[in-house]
Amino acid sequence: MVIGEAPNSTPISLSAREMEIIELVAGGLTNQEIAEKLTISKRTVDNHVSNMFTKTGSKNRVALLNWAMDHGKICRDGFNCCSLPDEPASNP
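Residues numbered from 1 in each chain as written. Predicted model: local features only at pLDDT ≥ 70, side-chain atom pairs only at ≥ 80, totals over all residues. Heavy atoms only, no water.

1. With respect to the pattern of salt bridges
Oppositely charged side chains are able to pair whenever their charged atoms sit close together.
Phase 1 of the analysis: Summed over the entire model, instances satisfying the criterion amount to 3 salt bridges.
Phase 2 of the analysis: When the shortest N-O distance is used, the salt bridge between Arg17 and Glu20 registers 3.0 Å. Remark: Glu20 and Arg17 occur in helix 1 (residues 16-26); sequence separation between them is 3 residues, near one turn of the helix.
Phase 3 of the analysis: Between Glu18 and Lys55 there is a salt bridge, with its nearest N and O atoms 2.9 Å apart. Taken together, the positions of Glu18 in helix 1 and Lys55 in helix 3 (residues 42-56) put the pair 37 residues apart, joining distant regions of the chain.
Phase 4 of the analysis: Residue Glu18 is classed as buried on the basis of its relative accessible area of 4%. (Salt bridge = Lys/Arg side-chain N within 4 Å of Asp/Glu carboxyl O. Helix = DSSP H or I, 4+ residues; strand = E, 2+ residues; numbered from the N terminus. Buried < 20%, exposed > 50% of the residue type's maximum accessible area, 1.4 Å probe, protein only.)

Now the structure itself:
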């Protein structure tokens, strides 16, 4: 399970399958394409996406992806997912 926080500070748990689906949504796939890729029904994907909307308080796919990026669950071009390396100590 992946944990995040809702706006009211309640922890949010997303399953590994839900995280897999978020990554595919971020890749631009439709629910039908996700279903085919994961060899599950489109209705199952629909249910997962709907459950994630409810868990995260998102009203649409864009809001869901914004939530995922804000909580470090997905990356876009290296943003929001990698910690910056420590700066080397300078010697005066």
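2. Points about the packing of helix 3 against helix 4 (residues 61-70)
Phase 1 of the analysis: Put simply, helix 3 and helix 4 touch, their axes get as near as 10 Å, and they point 60° apart. The angle between the axes of helix 3 and helix 4 places the two elements in the oblique class. Relative to helix 4, helix 3 is oriented so that their crossing is left-handed. Across from Val49, Met52, Phe53 and Thr56 in helix 3, the residues of helix 4 making contact are Arg61, Leu64 and Trp67.
Phase 2 of the analysis: The residue makeup of the contact of helix 3 with helix 4, split by class, is 5 nonpolar, 1 polar and 1 charged. (Axes fitted to C-alpha atoms, helices over the stretch in contact; angles between N-to-C directions. Parallel < 35°, antiparallel > 145°, perpendicular 65-115°, else oblique. Left-handed = near helix turned anticlockwise from the far one by under 90°. Contact = heavy atoms within 4.5 Å. Nonpolar A, V, L, I, M, F, W, Y, C, P; charged D, E, K, R; others polar.)

3. What to know about the nonpolar core
Phase 1 of the analysis: Judged by nonpolar contacts, the single largest core of 18 residues is most densely connected at Leu14, Ile21, Ile22, Ile34, Val45 and Met52.
Phase 2 of the analysis: Of all elements in the fold, only strand 2 (11-14), helix 1, helix 2 (31-38), helix 3 and helix 4 reach the threshold of two or more residues within this core.
Phase 3 of the analysis: Here the element with the most residues in this core is helix 1; it accounts for 5 residues. (Core = buried A, V, L, I, M, F, W, Y, C linked by side-chain atoms within 4.5 Å.)

4. A closer look at helix 2
Phase 1 of the analysis: Taken together, the buried positions of helix 2 are occupied by Asn31, Ile34, Ala35 and Leu38. In an axial view of helix 2, the angular spread of the buried residues amounts to 100°, which keeps them on one side of the axis. Residues of helix 2 that are exposed and point over 90 degrees away from its buried face: Glu36 and Lys37.
Phase 2 of the analysis: Two residues or fewer past helix 2, Thr39 is found with a positive phi of approximately 50°. (Arc of directions from axis to C-beta.)

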